[in-house]
Structures are given as structure tokens and as C-alpha cells.
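# Examination of the molecular architecture
Spelled out, the chains give:
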Amino acid sequence: MLLSSLFTASYLVAAVVTSPVDSVPVAAPAVTPVAAQQGASSAVQSEGRQAVLSLEECIRMALDESPVVKVADMEVTRADYSRKEVLASLFPSIDFSGAYQRTIKLQTMRMDFAGQSQTIKVGSDNMWNFGFSAQLPLVAPTLWKSISIADTQILSNLEQARTSRLDMVNQVCKAYYALMLAVSSRDVIRSNYELAVYNASLYEKQFAVGTASEYDVLRSSVQVKNIEPELLQADIAVRQCQLQLCVLMGVADDLKIMPDMALADLSDDMYMIAENIDKSLTDNSQLRTLDIQRDIAEKNVQLKKMAYLPTLAASFNINWTALSNGNPFRNQEFSPYSTVGLALSVPIFSGGARYNGLRQAQVQRKELELQRENLINSLSSQVELALDNIDRQAAQISTSAEGVRQAEKAHEIMQRSFEIGAASYLDLRDAELAETTSRLSYYQSIYNYLVSKADLDLLLGRGEGATSAK
């Protein structure tokens, strides 16, 4: 039950925030199909529906296929079109208009002439009017500042797209590390299973020559049966991790992805990585987003101030009109007329709307400044905590590695003693369980370190560095 519970905990995909230091390499498990793949080409090696992929390849495929990343990129494109829409306001706007009006009853005028009232009908049956008008802003301070705000909004959308990519890299890294943990743990269980089968066959041979009891044969056989469910559970864990990685990468779920190296192979450079981590928050996505928002808030304050400035626009109109009676499509004589002018608008009083709008923008700017200060303090604490966790986890890797060495040596001694009859089967099983437990703990500590490092990379805004542990 202890072996089962340890393995169940080992393949959980949830991020466990802990820490790193120097790691000591240990001997690989007896059965290590993943370790045998070390040094393979980074290109996809497919055999049926199984593919050996590196972490970098999985990240690249996920970024290419993720709908979340695609939506974020489309938001950048949409913001660029929005900026161009604002920029178009600086160019002349030209419109065409046309109208036709048919008089049903002419207007009647009554006038007094020499004491007599006379009635006169005025107007025409048909009235045509069409022409062109053009408007061009000459002095428009608020429009100019709106264009600057639109430019900054594009930066905000770019940062959101970058955040989506960082999140995707973090998720893929965790899923890939979880798959490596599941594969390594399955190798440990399989090694333990094959050793149990070997010991059971040894008892059967001893029983055949009369040096072992039937009870010993049955007990060793039962032990083999007890490990088989754990081996099945290990296979299920590997498949679950593969499915999760397929979902993130956007590939068919029948593809069996395998890592291109063993989990233990990543422990060699962990101490160096832990010591060389840059704690700068300049790339933190939250901080960069808040800085962009603060920049937009500052420009909004300037925009509100420019609402007090006058605006000047030029206009040009050319129109053709025609008045006639009878058939509206015959004998129309169009008379052109045109105008050109300037329009000056000076804001004087708006009931305090401009003043209150300015005060609102200033308060928002101050809020963002306070939020930034609080965010820096919070992020600094999170970075220090993450580094402490990484340091502790690296130390745990070193301790676990030494524990694996000692457990391997103890098990080797006990196995030889058992083969010559100097140790009981119970003593051998205790040594096997100790070795299996130490191996699973060792792999779990490496996984915890890698997950903690990936979370720190996300916190520092370094998605590319999430693969640096390799």
C-alpha cells in the first residue's frame, strides 16, 4: 500500500512549489526504456502512433496550434485596425449626397394689395439637389492624443498575447514533466515487478529440489500478483499524462507522446541553474501590463486637458440644384454652387463635465501608481519564496540521490544473501520496498524542482527559460 500511495502521488500533474540545489546523479532503474532513448535526435521519431518529442518541440507545436494563443494574436491585429481607424480621422472625409423632392401641394401666400387680399402659390413641382462635401481637421488636439493612446493600446494587446504564450509554455512544461515522472515511476514499478518474478521463480526451483517450502512459493507468487495492479496503474498514469499533453498541443489524442530523455537526466545542472537565476521583475507580465495601463492613464489625463483647447476644421461643398414643374425627368436645368470655409470651436462652459472628466482620469492614474507599488512588493515576495522553495527542493534531490545509492547497495547485499539462504524473503522484500520508495521519492523531488522552476519562469516572464533545465 505504501508503494501504491507513493506512486499515486508521484504522477499528479498539479504544480508543487518547492526548491533546488546541487543534485547527485544516481544509477538508473533496472528497466529504463526512456533512459535508453537518451541522445536520440530531437526530430519526431514515430513508430505507429507513438512519437518521441523533446520539450522544445512540444512547446512549439502547442504555440502553433493553441486556440488561446491564436485569439491573442488576433487581438493584436484587431487593435492595429482600431489604430488605423483613429488615424483615418486626420485625413479629409468626402461625402456625396443626393435628394429629390416632389411637391404635392404648393405653398400658398396671402398678401394685401390696395386693400384687396390676393393669394399667390409659390414653389415648383420638382426639386433636385446633389453634391459633394469635404471636411478636414486642421487643429484637433484630442484627436492627436487619441492616436497616441491607440498606439499604446497595441502594446497592451501585444503584452496580452505574450502572457497567453507564457501561460501555454508553463502548462506544456508541467504536462511534459508530469509525463516524464509517470514514465520514470512506471520503470521503477516494472523493475520491482521483474525482480519479484525472478524471486518467485527462484523459490519454485528451490521447492523443486526440496530446499524451500510450499508456503514460500505461494508467498512470493502472491507478491507478484500484488505488484501487477500497481504496474497497471502506472500504465494508466502514463496514458493520462500523454492525453493531457495532446490536448495542450492540439494533436490527435491517439498519439502516444514519449519524452526524449529520462527524468534523472535533468538533475545534473540543477544546482548551477538554481544559483544563476536572475530575480529581475522587468519581464513580469503583470508588471508590464500595469505599466502600459499606467501609460494609457497618463495619456488619458492629457486627453482630458486638451478638451479645453479650441479646434479648427476646413470645409468645402459643391452642390447642383434644379427646380421644375411637370415631368421630373425632362427639361431639368441644374445650377451649381460651392462654398469653402473654416470652422472654429472654442469650448467655454460644459457644466463641469470637462473638469470632472479630468479629475476622474487623474484619480485613475493615481490608483494605477498605487497598484504598481503594491504589485512590486507582492511579486518580490513571491520570487523570494519561489527561490527558497527551489533551493530546498534541490537539497531534497541531493538527499534523495544519496538515499537511492544506499538503498541500492542494501538491496544488492540482501539479494545475494537471499540467494545463498542467509536472509529471509521478508528481509528481501523490506530491502526492495526501501529501494523502490527511495527511487520514487527521488523522481518526485526532481519533478517538484522542475515544476517550481517553470512557475518561477512564468512569474519572471521568461517562457523561453522554462526549458533551460534541460
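Just so you know, the residues in each chain are numbered from 1, in the order the chain's sequence is written. With pLDDT at 70 or above as the cut-off, local features in this predicted model cover only qualifying residues; side-chain atom pairs require 80 or more to be listed or tallied, and sums for whole chains, interfaces and linings still use all residues. For side-chain calculations, the full set of non-hydrogen atoms in the structure is used, while hydrogens and water are omitted.

This part covers the overall build of the chain. Along its length, the chain carries 9 helices and 9 strands. Throughout, a residue-residue contact means that at least one pair of heavy atoms, one from each residue, lies within 4.5 Å. Across the chain, the fraction of contacts at a sequence separation of at least 24, relative to all contacts at a separation of at least 6, is 84%. When the accessible surface of the chain is totalled, it reaches about 25200 Å², and 56% of it is carbon and sulfur. In this text, helices come from DSSP runs of H or I with a minimum length of four residues, and strands from runs of E with a minimum of two, each type numbered from the N-terminal end. Here the accessible surface of atoms and residues is derived via Shrake-Rupley with a 1.4 Å probe, and residues count as covered only by protein chains that are part of the display.

Next up on the list: the nonpolar core. Nonpolar cores were defined as sets of buried Ala, Val, Leu, Ile, Met, Phe, Trp, Tyr and Cys residues, with membership established by side-chain atoms within 4.5 Å. Exposure classes here rest on a 1.4 Å probe applied to the protein chains alone. A residue is buried below 20% of its type maximum, exposed above 50%, and partly exposed in between. If you look at the biggest cluster of nonpolar residues, it comprises 64 residues, and the most contacted ones within it are Val172, Tyr177, Leu245, Ile257, Leu263 and Leu456. At the level of elements, strand 2 (50–53), helix 2 (55–65), helix 4 (141–208), helix 5 (214–249), strand 7 (256–259), helix 7 (285–306), helix 8 (353–419) and helix 9 (425–460) are the ones that each hand at least two residues to this core. Per element, the largest residue contribution to this core is 14 residues, and it comes from helix 4. In contact with Leu245, not counting residues within four places along its chain, are Cys58, Val172, Ala175, Tyr176, Leu179 and Ile257.

Aromatic ring pairs are described here by two measures, namely the spacing of the ring centres and the angle between the planes. To pair, rings of Phe, Tyr and Trp, with the six-membered ring standing in for Trp, must have centres within 6.5 Å; the planes then decide the type, stacked if under 30 degrees apart, edge-to-face if over 60, and tilted in the middle. Scanning all chains against the criterion turns up 7 aromatic pairs. A ring pair is formed by Phe96 and Phe132, whose centres lie 5.1 Å apart and whose planes are at 55 degrees; its orientation type is tilted. Placement of Phe96 in strand 3 (residues 93–102) and of Phe132 in strand 6 (residues 126–139) is noted, with a sequence separation of 36 residues between them. Taking the centre distance of 5.5 Å and the plane angle of 20 degrees together, the rings of Phe130 and Trp320 count as stacked. Of the two residues, Phe130 sits in strand 6 while Trp320 sits in strand 8 (residues 311–324), which places them 190 residues apart along the sequence. Judged by relative accessible area, which is 28%, Phe130 ranks as partly exposed. One aromatic cluster is present, formed by Phe96, Phe130, Phe132, Trp320 and Phe334 through successive ring pairs.

Here we come to the side chain of Arg462. Structurally, Arg462 is set in the segment after helix 9. Residue Arg462 is classed as buried on the basis of its relative accessible area of 19%. Among the polar contacts made by the side chain of Arg462, one reaches the main-chain carbonyl oxygen of Ser280 at a distance of 3.1 Å. Not counting residues up to four positions away in its chain, the partners in contact with Arg462 are Leu166, Asp278, Lys279, Ser280, Asp283 and Asp457. In the analysis that follows, any N or O atom pair within 3.5 Å is treated as a polar contact, provided that within protein one partner can donate a hydrogen and the other can accept it, and provided that, for residues neighboring in sequence, both atoms belong to side chains.

The next thing to look at is the environment of Val86. Secondary-structure assignment places Val86 in helix 3 (residues 67–87). A C-alpha to C-alpha distance of 7.3 Å links Val86 and Ser146, two positions 60 residues apart in sequence. Val86 has contacts with Leu143, Ser146 and Ile147, leaving out every residue within four places of it along the chain.

With that settled, consider the sheet that holds strand 8. Pairing between strands is defined by DSSP: at least two bridges between them are needed. Judged by pairing direction, the sheet is antiparallel, and its 4 strands sit side by side in the order 3-6-8-9 without closing on themselves. Pairing within the sheet leaves two strands with one partner each, and these edge strands are strand 3 and strand 9 (335–345). In this sheet, adjacent strand axes meet at a mean angle of 15 degrees when their direction is disregarded. To obtain an axis, a line is fitted to C-alpha atoms, over the contacting stretch when the element is a helix, and the angle between two such axes runs from 0 to 180 degrees between their N-to-C directions.

Take the pattern of salt bridges next. Salt bridges are identified by distance alone: a Lys or Arg side-chain nitrogen within 4 Å of an Asp or Glu carboxyl oxygen. For the structure on display, the rule yields 20 salt bridges. Salt-bridge contacts for Glu159 lead to Arg288; the nearest nitrogen and oxygen are separated by 2.9 Å. With Glu159 in helix 4 and Arg288 in helix 7, this pair connects stretches of sequence that are 129 residues apart. Taking relative accessible area as the criterion, Glu159 reaches 3% and is therefore assigned buried. Using a relative accessible area of 29% as the deciding quantity, one classes Arg288 as partly exposed. A salt bridge links Arg288 to Asp283; its shortest N-O distance comes to 3.6 Å. With relative accessibility at 27%, the residue Asp283 sits in the partly exposed group. Connected through salt bridges with shared partners, the residues Glu159, Arg162, Asp283 and Arg288 form a single ionic network.

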